[in-house]
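Below are the chains, spelled out letter by letter.
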Amino acid sequence: MSTNRQNLLNKIRALMAKTIDNGCTEAEAMSALSMAQTMMDAYDVTEADLQEAKTESAIHDTMKDMRDPHHIRQMLTVAISEFTGTKVWTSHNKKKLNFAGLPSDIEFAMWLTETLTMFVQKELKNYIWGNDYTSLPPNQKRPIIMGFVIGCTRRINERLRELIKASEAQSSGNANALVIIKNDLINKKMAELGVALRTPRARGSRIQGDAYGAGKASGDKASFGRPVGGGGVKMIGGW
C-alpha cells in the first residue's frame, strides 16, 4: 500500500472514530462521513495502487451486535455493501452480519451500517413521539413503525444506489480496474468460506401509508457523501 494511500486511510479512520457511540451527535457523525467522502473523492488511483492491491487479501469480519428490534440493519446492508465495495450476509441465527472485503472497506461498511441504523432509529423515535403514538396498543403501533422504517430505509437505499450510478459514469480507468481486482479478491474469500449469496426473500409487512411517506422524507435527510468539484460523487469502493 502506498504511503499516500496509507496516510489517507489513517485520516479517514480518525474521522470514522467520531461515531455516535463515542459521544458525538448524529449530525457530527454525518459531518465526519462527509469529510471522509470528500478526501476519498479527491484520491487518484495510480498504477502503483493497482499493483499493490493485487498483493492484498480480502478478509471476513463480523459486525458486533447492536440493539435493532425492527431489523433496520438488514434493510440497509445490501445497498451499503454495494456502496462500499464489500459483500454482506447474515448468520444462520439472523443476528450477526458478516462482511467480506478489503479491511478498510469493511471498516467503512460497518461504520456506515451502524451510523445509518442509529439515524433511522432516532428519526423513528422522533416521529412516534412527535405524533403522540406512544400510547397506542402494539397491534396499532406496529404498522406505523414498520411503515416509517421501510419508507426511510428504502429512500436511503435509493440514494446510495444513485451515488453508485453517478460514480460509475465518471470513474477513471484505474478506478474501474481497482474495483475488478477487489471483486476478484472478495470472490476468492467467499469461495474459501464456502459462502454463496442468495437473493433475500421479500417479506410482506402491514404498514401505515402516512408513516411510510414520513419515513421516505426522513431518508432524504441522511447524509453519506456530497458532490465534489461539480462532478458528482465517486463510489467508496472505487478509490
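Rules behind the numbers
Residues numbered from 1 in each chain as written. Predicted model: local features only at pLDDT ≥ 70, side-chain atom pairs only at ≥ 80, totals over all residues. Heavy atoms only, no water. Core = buried A, V, L, I, M, F, W, Y, C linked by side-chain atoms within 4.5 Å. Buried < 20%, exposed > 50% of the residue type's maximum accessible area, 1.4 Å probe, protein only. Helix = DSSP H or I, 4+ residues; strand = E, 2+ residues; numbered from the N terminus. Contact = heavy atoms within 4.5 Å. Pairing = 2+ DSSP bridges. Salt bridge = Lys/Arg side-chain N within 4 Å of Asp/Glu carboxyl O. Phe/Tyr/Trp six-rings, centres within 6.5 Å; stacked < 30°, edge-to-face > 60°. Expected span 1.5 Å × (residues − 1). Arc of directions from axis to C-beta.

Undergrad: When you look at the nonpolar core in this model, what are you seeing that I'm missing?
TA: Here is a general trend for soluble globular proteins: nonpolar side chains tend to be buried in one another's company. Within the largest apolar cluster, 37 residues are counted, with the highest numbers of intra-cluster contacts made by Phe-99, Tyr-127 and Ile-156. For this core, the leading source of residues is helix H5 (residues 103–130), giving 13 residues. For Phe-99, the contacting residues outside a window of four places in its chain are Ile-59, His-60, Asp-61, Met-63, Thr-86, Lys-87, Val-88, Trp-89, Ile-106, Ala-109, Met-110 and Thr-113.

Undergrad: Looking at this model, I keep getting lost on the pairing of strand S3 (residues 97–101). Mind explaining?
TA: A regular strand places its side chains so that they alternate between the two faces of the sheet. Among the five residues that make up S3, five are buried, leaving the element largely enclosed by the rest of the structure. Burial of the side chains of S3 extends over both faces: Leu-97, Phe-99 and Gly-101 are buried on one face and Asn-98 and Ala-100 on the other. The sheet contact formed by strand S1 (residues 59–63) and S3 spans five bridges and is antiparallel. By the bridge assignment for S3, Met-63 is matched with Leu-97. Strand direction decides the pairing type here: strand S2 (residues 87–90) and S3, joined by four bridges, are antiparallel. Each residue of the ladder has a partner; that of Thr-90, found in S3, is Leu-97.

Undergrad: When you look at the pattern of salt bridges in this model, what are you seeing that I'm missing?
TA: Two side chains carrying opposite charge are able to pair once their charged atoms lie near each other. Evaluation of the coordinates by the stated rule reveals six salt bridges. We note a salt bridge from Asp-105 to Lys-182, for which the minimum N-O separation is 2.8 Å. Of this pair, Asp-105 sits in helix H5 while Lys-182 sits in helix H7 (residues 173–193), and the two are 77 residues apart along the sequence. With a relative accessible area of 0%, Asp-105 lands in the buried category. On the accessibility criterion, Lys-182 (2% relative accessible area) is buried. Note that Lys-189 and Glu-192 form a salt bridge whose closest N and O atoms lie 3.0 Å from each other.

Undergrad: What is the right way to read the packing of aromatic side chains from this model?
TA: Aromatic ring pairs: the centre-centre distance and the angle between the two ring planes describe each pair. Applying the stated criterion across every chain yields a total of three aromatic pairs. Ring geometry for Tyr-127 against Phe-148: centres 5.0 Å apart, planes inclined by 25°, an arrangement best described as stacked. Of the two residues, Tyr-127 sits in helix H5 while Phe-148 sits in helix H6 (residues 138–170), which places them 21 residues apart along the sequence. Tyr-127 gets classed as buried once you look at its relative accessible area, which sits at 12%. Among the aromatic side chains, those forming a connected cluster through ring pairs are Tyr-127, Tyr-133 and Phe-148.

Undergrad: In this structure, what is going on with helix H4 (residues 72–84)? I would like to understand it.
TA: Given 3.6 residues per turn, any residue in an α-helix points the same way as the ones three and four places further on. Between its first and last C-alpha, H4 extends 18 Å over 13 residues, near the 18 Å set by a 1.5 Å rise per residue. Burial in H4 covers these residues: Ile-72, Arg-73, Leu-76, Thr-77, Ala-79, Ile-80, Ser-81, Phe-83 and Thr-84. Remark: Gly-85 follows H4 within two positions and exhibits a positive phi of approximately 70°.

Undergrad: In this structure, what is going on with helix H8 (residues 209–219)? I would like to understand it.
TA: Looking only at H8, the buried set comprises Ala-211, Ala-214, Gly-215, Ser-218 and Gly-219. Looking straight down H8, one finds its buried side chains confined to an arc of 145°; they lie on one side. Of the exposed residues in H8, the ones pointing more than 90 degrees away from its buried face are Gly-209 and Asp-210.

Undergrad: Would you explain unusual backbone geometry in this entry?
TA: Only a minority of non-glycine residues have a phi that is not negative, and only a minority of peptide bonds are not trans. If you check the backbone angles, His-71 has positive phi at about 60° while not being a glycine. Examined against the element boundaries, His-71 turns out to sit in the loop between S1 and H4. The class of His-71 is partly exposed, set by a relative accessible area of 44%. Not every positive phi belongs to a glycine, and Asp-132 is a case in point at roughly 60°. Following the sequence through the fold, Asp-132 ends up in the loop between H5 and H6.

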